[in-house]
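Working through the structure, step by step
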Amino acid sequence: MKTILALTVGGSCAPVVTAIQDYAPDFVIFIVSTGQRGSRSMVDGANMPCMAEDKTPLPNIVTQTGLTNEKYTFIDLAEPDILDVCFVKIYEGLKEQMSQRMGWRRIADYTGGTKTMTAALILAALELGWDVSVVKGNRTDLQKVREGTEMATLVNTPEVRARQQLTQAEALFNQFAYASAAQLAESLLRAAPLSSELQEKIQRLVTLSRGFDAWDRFDHQRAYRILAPYQADIVPQWVFLKMIIGETKGTGYEAVFDLIINAERRAKRNRFDDAVARLYRALEMFAQIRLRQRNPALDPSDLKLDLLPDSIRSKYANQAEKIKLGLVQDYELLADLEDPIGKTFAERRGKILDILKKRNDSILAHGVTPCDEAVYSAMYEQVLEFLHQGLEALGMKVNSPQFPSIHNGTLTAN
């Protein structure tokens, strides 16, 4: 396989010459600074521009390595200390040469040049998928490498790229895009061999992403199974999840607040119609659960008249064999039963009906108008205030922690 080698030039000629001799490339890209004191003259300048360790003048790099004119080119940097300028020039230069040499092995050596030039080359090389190299040797002190010990050495770029992409996967996790985070992180394990420490980090993120993705889709049992190994890292969420699935005793209203935090996540991603739909369902579920918690328990989807007090039974009698109540009717029944939740609803009835009308106009309900942030915010405020007021009337409280964020493998509260 043919090889293309890109090198930053500056400082000493020796490491550049070493890299060319060690890799024996078929084509070389010299990344040089221009101007009166630039490094381009080191490559093909006259008057012995290079210097040995003992200060003996040496010919230019091209002469020392025997490169002919058709075997090399330049990327000239007029501003070698401005990172963004260097990056763009190097990135575009490498990309152009790649397009002319498809299928070649690509190596970028960052030993020479200014710190900015080397940083720009590394960034461009990693983004374009080049191997990265540096010339190493035994040091006599902190400044110098012992002459004759230099050798070009490849950097573990798969590990570097994997860590970069792992950061991107964490960003997706923090945006609640759990399926995408898991997919990206999982792909890293199949791209190249990685250190055991990095593999462990990736596996952890994949598992957490899959678990919270299942929970985000209301598949609570699957989430419980997947997240179990990391329960110590997500204690507030784990306690909440166990109450949702009935593993431990809660108030019975945990599923309602699970819908609320799900709506919050949808809103964070600007999915306001989805968020409003979840708020509506939370409001509906709150009444349904309360009716089923009463004694006798009442099923709003199949209301039995004989379970109602005589004083209100006639109000709910109709010709249908099966009596099924809607959201507002659920709360009206609770009010007729003088239930604390029904009384709370009656106090806020006007405001709640107003936000329900806006929801009914949405494209995911009965209308064609998409919900915007203002509609979501208004509904969120009213629903949350009502739910907390209702729970307070029952002497209850629900702790519903939002899903955590992750930064460099560490989970933090949102």
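1. Quick notes on the overall build of the protein
Per the secondary structure count, the protein includes 16 helices and 10 strands. Relative to a compact globule of 414 residues, whose C-alpha radius of gyration would be 22 Å, the protein shows 33 Å and is clearly more extended. Principal axes of the C-alpha set define a box for the protein whose edges measure 110 × 40 × 35 Å. Here the protein holds 414 residues, and the buried ones make up 46% of them. Sequence-distant contacts in the protein: of pairs separated by 6 or more residues, those separated by 24 or more amount to 61%. Of the accessible surface of the protein, which amounts to about 21,200 Å², a share of 49% is contributed by carbon and sulfur atoms. In the protein, 49 positive and 52 negative side-chain charges are present, and the distance between their average locations comes to 2 Å.

2. Quick look at the packing of helix α12 (residues 272-293) against helix α16 (residues 373-394)
Contact geometry for α12 and α16: axes closest at 9 Å, N-to-C directions at 20 degrees. Overall, the two elements α12 and α16 adopt an arrangement that is roughly parallel. In this structure, α12 crosses over α16, and the sense of that crossing is left-handed. In contact with Phe272, Ala275, Val276, Leu279, Tyr280, Leu283, Phe286 and Arg290 of α12, α16 contributes Glu373, Val375, Tyr376, Met379, Tyr380, Val383, Phe386, Leu387, Gly390, Leu391 and Leu394. When the residues that make up the contact of α12 with α16 are grouped by side-chain class, the tally is 16 nonpolar, one polar and two charged.

3. Notes on the confidence of the model for the protein
Summarising the model, the protein shows a mean pLDDT of 91, and 94% of its residues fall at 70 or more. Counted against residues more than four places away or in other chains, residues 138-146, with its pLDDT under 50, gives 12 contacts.

4. Points about the pattern of salt bridges
Here the structure, examined in full by the defined rule, presents 20 salt bridges. A salt bridge links Arg105 to Asp131; the nearest nitrogen and oxygen atoms lie 3.6 Å apart. Of this pair, Arg105 sits in strand β6 (residues 105-109) while Asp131 sits in strand β7 (residues 131-136); the two residues are 26 residues apart in sequence, bridging distant segments of the chain. By relative accessible area, which is 25% here, Asp131 ends up partly exposed. Where salt bridges share partners, they join Glu159, Arg163, Glu197 and Lys201 into one cluster.

5. A closer look at the packing of aromatic side chains
Following the criterion strictly, the structure yields 21 aromatic pairs and no others. Each ring, one from Phe30 and one from Tyr72, has its centre 5.8 Å from the other, and the planes form 70 degrees; the classification is edge-to-face. Placement of Phe30 in strand β2 (residues 27-33) and of Tyr72 in strand β5 (residues 72-77) is noted, with a sequence separation of 42 residues between them. Residues Phe30 and Tyr72 agree in their burial class; the two are buried. Each ring, one from Tyr376 and one from Tyr380, has its centre 5.6 Å from the other, and the planes form 35 degrees; the classification is tilted. Taken together, the residues Tyr376 and Tyr380, both in helix α16 and four residues apart, mark about one turn of the helix. The rings of Phe173, Phe176, Tyr178, Phe212, Trp215, Phe240 and Phe403 are connected pair by pair, giving a single aromatic cluster. Sitting over the ring of Phe27, Arg101 keeps its end group 3.6 Å from the ring centre.

6. Some points on the packing of helix α9 (residues 220-227) against helix α10 (residues 235-244)
At a minimum axis separation of 10 Å, α9 and α10 run at an interaxial angle of 140 degrees. The pairing of α9 with α10 is recorded here as oblique in orientation. Where α9 crosses over α10, the handedness of that crossing is left-handed. Facing α9, whose interface residues are His220, Ala223, Tyr224 and Leu227, α10 presents Trp238, Leu241, Lys242 and Ile244.

7. Thoughts on helix α8 (residues 196-216)
Relative to the 30 Å expected for 21 residues at 1.5 Å per residue, α8 spans 30 Å between its end C-alpha atoms, a close match to the ideal helical length. Positioned one or two residues after α8, Phe218 has a phi angle of 65 degrees, which is positive.

Calculation rules
- Residues numbered from 1 in each chain as written.
- Predicted model: local features only at pLDDT ≥ 70, side-chain atom pairs only at ≥ 80, totals over all residues.
- Heavy atoms only, no water.
- Helix = DSSP H or I, 4+ residues; strand = E, 2+ residues; numbered from the N terminus.
- Rg over C-alpha atoms; globule rule 2.2 N^0.38 Å.
- Buried < 20%, exposed > 50% of the residue type's maximum accessible area, 1.4 Å probe, protein only.
- Contact = heavy atoms within 4.5 Å.
- Areas by Shrake-Rupley, 256 points an atom, 1.4 Å probe, with all protein chains shown as cover.
- Lys, Arg positive; Asp, Glu negative; His and termini not counted.
- Charge placed at Lys NZ, Arg CZ, Asp CG, Glu CD.
- Axes fitted to C-alpha atoms, helices over the stretch in contact; angles between N-to-C directions.
- Parallel < 35°, antiparallel > 145°, perpendicular 65-115°, else oblique.
- Left-handed = near helix turned anticlockwise from the far one by under 90°.
- Nonpolar A, V, L, I, M, F, W, Y, C, P; charged D, E, K, R; others polar.
- pLDDT = per-residue confidence, 0-100.
- Salt bridge = Lys/Arg side-chain N within 4 Å of Asp/Glu carboxyl O.
- Phe/Tyr/Trp six-rings, centres within 6.5 Å; stacked < 30°, edge-to-face > 60°.
- Lys NZ or Arg CZ within 6 Å of the ring centre and 35° of its normal.
- Expected span 1.5 Å × (residues − 1).

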